[in-house]
Amino acid sequence: MLISGLQKLTLLDYPGRVACTVFTGGCNFRCPFCHNGPLVLPEQLAHDTDEEQVLAFLKKRVGVLDGVAITGGEPLLHKDIGAFLAKVKALGYQIKLDTNGSFPELLMELVKDGLVDRVAMDIKNAPARYPATIGVDSPDMAAITRSKDFLLSGAVDYEFRTTVVKGLHTEESLVEAAKWIGGAKEYYLQQFKDSGHVLNIAGLDAFNEAEMHALADAVRPWVPTVQVRGV
């Protein structure tokens, strides 16, 4: 498994946990608003650490940290991720996995095997607007829908989240997305921020705080739990 980075402490990436964040390299999407270009583009992928270094760090932090957030890129691109997660679990950590939902079978397998305690799945936009939003002409929406439905079943603790971007999202598209995940336990609208490493910033901008809250109000009839992040 390609590990491209390690953030040694986070109070944000794993709600309710003092955690670290492990960044895997590579992604099958090309979202123009992605702020992690060095974790997505093959020619930019970092190799700053490896499994052995991360596990050695985690062994030293037992009793100090209680969670590990696995993000990317897209972690489920790595078919050997289960072996790594099993080693993390053996150290006593809770694991949160971030995913775009395009690998439902592996997601279900990891949950069934008790290797994931919480899943954060990105809902990129209304289903009809996925191609433009993720930079892929013909995404496998059936696979993404299976992941979404699996989380809605309550098989594992989860959240859905959408990074909201002017130029890609509208009130109408977010309402359609909310209908698609209707009744979700947790749904977050995240304000877009230009990190300086955005894949393609042309034509994109952030909604301001008032606009973000107005969008949350618009989707709340379908997902009453919606909250705004990042403003």
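For the structure itself, consult the block above.
Parameters at a glance
Position labels on residues start from 1 in each chain and follow its written sequence. Local features in this predicted model are restricted to residues whose pLDDT is 70 or higher, and side-chain atom pairs enter the listing and the counts only when it is 80 or higher, whereas totals over whole chains, interfaces and linings include all residues. Water and hydrogen atoms were dropped before computing side-chain values, which therefore reflect all heavy atoms in the structure. Only DSSP runs of H or I with at least four residues qualify as helices, and only runs of E with at least two residues qualify as strands; both kinds are numbered from the N terminus onward. Throughout this description, buried means an accessible area under 20% of the type-specific maximum (1.4 Å probe, protein chains only), exposed means over 50%, and partly exposed covers the range between. In what follows, a contact means two residues having at least one pair of non-hydrogen atoms within 4.5 Å. Under the convention used here, a 1.4 Å probe and the Shrake-Rupley method define accessible areas, while residue burial counts only the protein chains that appear. Under this rule, positive means Lys or Arg and negative means Asp or Glu; His and the chain ends count for nothing. By convention, the charge on Lys lies at NZ, on Arg at CZ, on Asp at CG and on Glu at CD. DSSP calls a pair of strands paired once it identifies at least 2 bridges connecting them. Orientation is described by lines fitted to C-alpha atoms, with helices fitted over the stretch in contact, and by angles between N-to-C directions that extend from 0 to 180 degrees. When the strands point away from the viewer, a crossover counts as right-handed if the route from the first strand across the helix to the second turns clockwise. We define a salt bridge as a contact between a side-chain nitrogen of Lys or Arg and a carboxyl oxygen of Asp or Glu at a distance within 4 Å. Pairing of aromatic rings covers Phe, Tyr and Trp, the last counted by its six-membered ring, and requires centre-to-centre distances within 6.5 Å; plane angles under 30 degrees mean stacked, over 60 mean edge-to-face, and any other angle means tilted.

Draft legend 1. Just the overall build of the protein chain, in detail. On a plain count of helices and strands, the protein chain comes out with 7 helices and 8 strands. Taken along its principal axes, the extent of the C-alpha atoms in the protein chain is 45 × 40 × 30 Å. Per-residue burial over the protein chain gives 52% buried out of 231 residues. Counting only contacts in the protein chain whose residues sit at least 6 apart along the sequence, the fraction spanning at least 24 positions is 71%. Counting only carbon and sulfur atoms, one obtains 52% of the accessible surface of the protein chain, whose full area is about 10,000 Å². Taken together, the 23 basic and 29 acidic charged side chains of the protein chain have centroids lying 4 Å from each other.

Draft legend 2. Structural view of the sheet that holds strand β4 (residues 94–99). Spatial ordering of the open sheet is given by β1-β2-β3-β4-β5-β6-β7-β8, a layout of 8 strands whose pairing is mixed. Edge positions in the open sheet fall to β1 (3–10) and β8 (227–229), since each of these has one partner strand only. The mean angle between the axes of side-by-side strands here comes to 20°, regardless of whether they run parallel or antiparallel. As paired strands, β4 and strand β5 (residues 118–122) are joined by 4 bridges and run parallel to one another. Bridge assignment links D98 to a residue of β5, and that residue is A120. Packed onto the sheet, helix α2 (residues 81–90) meets β1, β3 (67–71) and β4 and runs at close to 150° relative to β4.

Draft legend 3. Seen up close, the pairing of β5. The element β5 is largely enclosed, with a buried count of 5 among its 5 residues. Where burial is concerned, the two faces of β5 agree: the one with R118, A120 and D122 and the one with V119 and M121 are both buried. Viewed along the sheet, the connection from β4 through helix α3 (residues 104–112) into β5 turns out right-handed. Examined bridge by bridge, β5 and strand β6 (residues 157–164) share 5 bridges and lie parallel to one another. Residue D122 lies in a different strand from β6, and its bridge partner there is R161.

Draft legend 4. Quick look at the pattern of salt bridges. Using the criterion set out here, one finds 18 salt bridges in the structure. With a shortest N-O distance of 3.7 Å, D122 and K124 are connected by a salt bridge. In this pair, the class of D122 matches that of K124, namely buried. Overlapping salt bridges bring together R118, D157, E159, K185, E186 and R229 as one network.

Draft legend 5. View of the packing of aromatic side chains. Using the criterion set out here, one finds 2 aromatic pairs in the structure. Geometrically, the ring pair formed by Y130 and W180 is edge-to-face, given 6.0 Å between the ring centres and 75° between the ring planes. You can see Y130 sitting in helix α4 (residues 130–134) and its partner W180 sitting in helix α6 (residues 171–180), a full 50 residues away along the chain. For the ring pair Y158 and F160, a centre distance of 5.2 Å and an interplane angle of 55° mean the geometry is tilted.

Draft legend 6. Molecular detail of the side chain of K96. Along the polypeptide, K96 turns up in strand β4. In this structure K96 comes out as buried when scored by relative accessible area, which is 2%. Excluding residues that lie within four positions of it along the chain, K96 makes contacts with D13, Y14, P15, V68, A69, I70, R118, A120 and R161.

Draft legend 7. Structural detail: the pairing of strand β2 (residues 19–24). Burial of β2 is extensive: 6 of the 6 residues sit out of reach of the surface. Taking every second residue as pointing to the same face, both faces of β2 are buried, with A19, T21 and F23 on one and C20, V22 and T24 on the other. As paired strands, β2 and β3 are joined by 5 bridges and run parallel to one another. Its bridge partner lying in β3, T21 is registered against A69.

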